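# What the coordinates show
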Amino acid sequence: MGEEVRFSPFTCATIQHERTSMLTLIVWWTGIFLETIILAQAIRGKSFGKYPLFYTYIATVLGADVVLYIALRMLPLWYRMAYWNAQIITLAVGCGVILEIIRQVLSPHPGPARFAKRAAAIVFGAIFAVFFLHSVFMREWMPAENSADLERDLRMAQALALFVVVFLIFYYRIAIGRNMKGMIVGFGLYVAVSLISLTLRLFVGIQFSPAWKVIQTTSYLMALFIWVVALWSYEPNPVVEPLVEANQDALARRTRAMLDRVLTHSKRTTRS
């Protein structure tokens, strides 16, 4: 049995023999290739500035993939530290995808947008607060030894924030374009599959690790394919007229009530 190697925060696999190693490298190169295509199309179509947070996320993951590949090949002793630094950075930047969706989808509706941003700030603040508290006050706690638990908690927070945004889209019947649909579906797919597979790994045990790695890698590549197609050309959201102030206040009250129910349910789920 060979050494377990995580290739990036998203494309990870286990090298057990030469054939598996080659397959893993092909998957890694495929991810880099698709990320490069997405960024190249954004630059060519002048849409990078339209979705700066999303494309910054893609660029960050691409940079992490390249740096980790070089570290694995040339500086193997440095690889482990590089991986965890890249993991933290990409998880943080990944929160920008949800903020990008909120900014683009809910901009014509200040009431729902205000509360969605507040919910996202609370969730993302909880992400880094948990990591900070673990790192500072639990000296025996090491990220490398608790990676699955940490990632599961982070994915749960991201899923909650994305659920709030999607709920608002359907609840208020907000029209969105192809770019936003692809961004939401791709990121939602990756987060949902990651969360499910990490939860299964918790209950099934270490024997689920090989399947977990394949599932996560496949879901991220599927998300990249979705983004390549959906973001091939710039397609803005349909223009809608802003609601009058009275309707905005009513929407704000209903949004506050909805967010309170979601946050209450999430707290109960966490305790159980």
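The written sequence of each chain sets the order in which its residues are numbered from 1. Under the rules for a predicted model, residues below a pLDDT of 70 receive no local features and side-chain atom pairs below 80 are neither given nor counted, while totals for whole chains, interfaces and linings still include all residues. Just so you know, side-chain values use all the structure's heavy atoms and leave hydrogens and water out.

### Quick look at the environment of alanine 113
Only DSSP runs of H or I with at least four residues qualify as helices, and only runs of E with at least two residues qualify as strands; both kinds are numbered from the N terminus onward. Of note, alanine 113 is situated in helix H4 (residues 110-137). Exposure classes here rest on a 1.4 Å probe applied to the protein chains alone. A residue is buried below 20% of its type maximum, exposed above 50%, and partly exposed in between. Its relative accessible area of 7% is what places alanine 113 among the buried residues. Along the sequence, alanine 113 and arginine 103 sit ten residues apart, while their C-alpha atoms lie 7.5 Å from each other. For this analysis, residues touch if any pair of their heavy atoms sits within 4.5 Å. What alanine 113 contacts, discounting residues up to four positions off in sequence, is Ile102 and Leu106.

### Structural notes on unusual backbone geometry
Phi angles above zero are rare outside glycine, and lysine 46 is one such case at about 55°. Position of lysine 46 relative to the elements: it lies in the loop between helix H1 (18-44) and helix H2 (52-74).

### Details of the pattern of salt bridges
Here, a salt bridge means any side-chain nitrogen of Lys or Arg that lies within 4 Å of a carboxyl oxygen of Asp or Glu. For the structure shown, the criterion picks out two salt bridges. Residue glutamate 100 is joined to arginine 103 by a salt bridge in which the shortest nitrogen-to-oxygen separation is 2.5 Å. With glutamate 100 and arginine 103 both in helix H3 (residues 76-105), this residue pair falls three residues apart, about one helical turn. Glutamate 100 sits in the buried class, given a relative accessible area of 0%.

### Regarding the packing of aromatic side chains
The rule is short: rings of Phe, Tyr and Trp, with Trp giving its six-membered ring, pair when the centres are within 6.5 Å, and they are stacked under 30 degrees, edge-to-face over 60, tilted in between. Counting across every chain of the model gives eleven aromatic pairs. Ring centres of phenylalanine 48 and tyrosine 55 lie 5.4 Å apart, and the angle between their planes is 20°; this geometry places the pair in the stacked category. Residue classification places tyrosine 55 among the buried positions, given a relative accessible area of 1%. Each residue in the set Phe48, Tyr51, Phe54, Tyr55, Tyr57, Phe187, Trp227 and Tyr234 is aromatic and connected to the rest through ring pairs, giving one cluster.

### Here's the deal with the packing of H3 against helix H6 (residues 178-204)
At their nearest, the axes of H3 and H6 sit 11 Å apart, and the two run at 145° to each other. Considering only the axes of H3 and H6, their crossing is left-handed. On the side of H3, the interface is formed by Gly94, Val97, Ile98, Glu100, Ile101, Gln104 and Val105, while H6 contributes Met180, Met183, Ile184 and Phe187. Where helices are involved, their axes are fitted lines through C-alpha atoms of the stretch in contact, as for all axes, and angles between N-to-C directions lie from 0 to 180°. Note on convention: the crossing is left-handed when the near helix lies turned anticlockwise from the far helix by less than a right angle, right-handed when the turn is clockwise.

### A short note on the side chain of glutamine 41
In this structure, glutamine 41 sits in helix H1. Residue contacts for glutamine 41: discarding those within four places in its chain leaves Ser47 and Trp232.

### Quick word on the nonpolar core
Within the largest apolar cluster, 58 residues are counted, with the highest numbers of intra-cluster contacts made by Phe54 and Trp227. Of all the elements in the fold, those that place two or more residues in this core are H1, H2, H3, H4, helix H5 (147-171), H6 and helix H7 (209-230). At eleven residues, the largest contribution of residues to this core is made by H3. Setting aside its immediate chain neighbours within four residues, tryptophan 227 contacts Ile38, Phe54, Tyr57, Ile58, Gly182, Met183, Gly186, Phe187, Tyr220 and Trp232. Only buried residues count toward a nonpolar core. Its members are Ala, Val, Leu, Ile, Met, Phe, Trp, Tyr and Cys residues joined through side-chain atoms within 4.5 Å.

### Digging into the confidence of the model for the protein
The pLDDT value expresses, per residue, how confident the predictor is, ranging between 0 and 100. Mean pLDDT over the protein stands at 76; residues scoring 70 or higher make up 72%. The secondary structure element of the protein with the lowest average pLDDT is strand S2 (residues 12-14), at 38, and the one with the highest is H2, at 90. For the stretch residues 1-7, pLDDT sits under 50, and the model shows 26 contacts to residues farther than four places along the chain or on other chains. Note on residues 9-20: pLDDT is under 50 here. Beyond four places in sequence and across chains, it has 40 contacts.

### Notes on the environment of tyrosine 220
Along the chain, tyrosine 220 turns up in helix H7. For the pair tyrosine 220 and phenylalanine 187, spaced 33 residues apart in sequence, the C-alpha separation works out to 8.5 Å.

### Description of a nonpolar patch on the surface
Patch definition: residues with relative accessible area over 30% and no salt bridge; like charges joined within 9 Å; nonpolar side chains (Val, Leu, Ile, Met, Phe, Trp, Tyr) joined within 5 Å. To measure how exposed things are, a 1.4 Å probe is used in the Shrake-Rupley method; for residues, cover is taken only from the protein chains shown. A cluster of nonpolar side chains, Val66, Val67, Ile70, Met74, Leu75, Trp78 and Met81, forms an exposed patch at the surface whose accessible area comes to about 660 Å². Elements with a contribution of two residues or more to the nonpolar patch: H2 and H3. The leading source of residues in the nonpolar patch is H2, at four residues. Topologically, isoleucine 70 is positioned in helix H2.

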